[in-house]
Amino acid sequence: MAKPLVGILMGSDSDLPVMEEAVKVLRDLDIPFEVTVSSAHRTPARTSKYAKGAEKRGIKVLIAGAGAAAHLAGVVASETTLPVIGVPIDSSPLNGMDSLLSTVQMPGGIPVASMAIGKAGAKNAAVFAAEIIALSDEGVSKAVKDMRKAQARKVAEKDRKLKV
Ligand code: RP5
């Protein structure tokens, strides 16, 4: 099996229904990935170990999805210089506004590329990870471009059907 290029982390297995959107995109683009549940507050040592070791294991981009006081992406980013993409998850009574602010408002020096709240964010996290990998991988670059074309074709097709 190919070595994973993208590491998907989530704070709880309850985040999986949202983070599955990222899994689908990486599968469609044929980019090898791994999925890990690790929490910034419940399992801090495990999260830190994972983030510290990711680059040496060949991971190119990390995606971190978490809800509520969502410090997972920031904690991961503090332990690695790999690009970290954060997905704020709408798992709390504040419907993800708390996760969004916790993920996006990183103080200067340790960046997290925050996506939108929820499923669209998880999907875009995978597309963004693919675009980063595409900078040095022609196969992935072609796959991302083909995906854009297919997406545009679907919109045109829906438009045609509406007009019949
Ligand atoms: C966060 O708390 C997780 O990322 C999840 O979104 C939320 C709730 O987790 P569970 O109580 O469902 O495990 O750490």
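Residues numbered from 1 in each chain as written. Predicted model: local features only at pLDDT ≥ 70, side-chain atom pairs only at ≥ 80, totals over all residues. Heavy atoms only, no water.

Help me understand the nonpolar core in this model?
Generally speaking, a soluble globular protein has its nonpolar side chains buried in company with each other. One finds Val6, Ile8, Met19, Ile31 and Ile63 to be the most contacted residues of the largest nonpolar core, which totals 28 residues. Elements supplying a minimum of two residues to this core: strand 1 (6–10), helix 1 (16–28), strand 3 (61–67), strand 4 (84–89), helix 5 (119–134) and helix 6 (138–163). Element by element, the count of residues in this core is highest for helix 5, at eight residues. Apart from the residues lying within four places of it in its own chain, the contact partners of Ile8 are Met19, Ala22, Val23, Leu26, Phe33, Glu34, Val35, Thr36 and Ile63. Residues Ile59, Ala70, Leu72 and Val112 belong to the second largest nonpolar core, which totals 17 residues. (Core = buried A, V, L, I, M, F, W, Y, C linked by side-chain atoms within 4.5 Å. Buried < 20%, exposed > 50% of the residue type's maximum accessible area, 1.4 Å probe, protein only. Helix = DSSP H or I, 4+ residues; strand = E, 2+ residues; numbered from the N terminus. Contact = heavy atoms within 4.5 Å.)

Is there a simple way to explain the side chain of Ser48 in this structure?
Along the chain, Ser48 falls in helix 2 (residues 44–54). Since its relative accessible area comes to 13%, Ser48 is described here as buried. Separated by 2.9 Å, the side chains of Ser48 and Glu79 make a polar contact. (Polar contact = N/O pair within 3.5 Å; in protein donor to acceptor, adjacent residues only side chain to side chain.)

Looking at this structure, I do not really get the site of the ligand. What am I missing?
Taken together, the neighbourhood of the ligand is formed by Gly11, Ser12, Ser14, Asp15, His41, Arg42, Ala66, Gly67 and Ser91. The separation between an oxygen atom of the ligand and a polar side-chain atom of Ser14 is 2.7 Å. Compared with its free state, where it exposes 360 Å², the ligand has 74% of that area covered by protein. Residues that form the shell around the ligand fall into these classes: one nonpolar, six polar and two charged. (Near = heavy atom within 4 Å. Areas by Shrake-Rupley, 256 points an atom, 1.4 Å probe, with all protein chains shown as cover. Nonpolar A, V, L, I, M, F, W, Y, C, P; charged D, E, K, R; others polar.)

So what exactly am I meant to see when it comes to the pattern of salt bridges here?
Pairing between side chains becomes possible if they bear opposite charge and their charged atoms approach one another. Summed over all chains, the structure comprises six salt bridges. Close ionic contact of Glu34 with Arg57 constitutes a salt bridge, the shortest N to O distance being 2.8 Å. In this pair, Glu34 sits in strand 2 (residues 33–37) while Arg57 sits in the loop between helix 2 and strand 3, placing the two residues 23 residues apart along the sequence. Classification of Glu34 by relative accessible area gives buried; the value is 17%. Measuring nitrogen to oxygen at the nearest pair gives 2.6 Å for the salt bridge that ties Arg160 to Glu157. Taken as a pair, Arg160 and Glu157 lie in helix 6 at a separation of three residues, close to a single helical turn. Its relative accessible area of 51% is what places Arg160 among the exposed residues. You can call Glu157 partly exposed: its relative accessible area is 33%. (Salt bridge = Lys/Arg side-chain N within 4 Å of Asp/Glu carboxyl O.)

I would appreciate a short explanation of the pairing of strand 1 in the present structure.
Every regular strand shows the same layout, with side chains that alternate between the two sheet faces. Burial within strand 1 is extensive, with five of its five residues counted as buried. Of the two faces of strand 1, the one lined by Val6, Ile8 and Met10 and the one lined by Gly7 and Leu9 are each fully buried. For strand 1 and strand 2, the ladder comprises five bridges, and the chain directions are parallel. For Met10, the partnering residue across the bridge sits in strand 2 and is Val37. In this region the chain leaves strand 1, passes through helix 1 and returns to the parallel neighbour strand 2; the handedness of that crossover is right-handed. (Pairing = 2+ DSSP bridges. Right-handed = clockwise from strand over helix to strand, strands pointing away.)

Sorry, what's going on with the packing of helix 5 against helix 6 here?
Relative orientation and spacing of two packed helices are given, respectively, by the angle between their axes and the distance between those axes. Running from N to C, helix 5 and helix 6 cross one another at 140°; their axes reach a closest spacing of 8 Å. Of the possible angle classes, the one that applies to helix 5 and helix 6 is oblique. The interaxial crossing formed by helix 5 with helix 6 has left-handed handedness. Facing Val127, Ala130, Glu131, Ile133 and Ala134 of helix 5, the residues of helix 6 in contact are Val140, Ser141, Val144, Met147 and Arg148. (Axes fitted to C-alpha atoms, helices over the stretch in contact; angles between N-to-C directions. Parallel < 35°, antiparallel > 145°, perpendicular 65-115°, else oblique. Left-handed = near helix turned anticlockwise from the far one by under 90°.)

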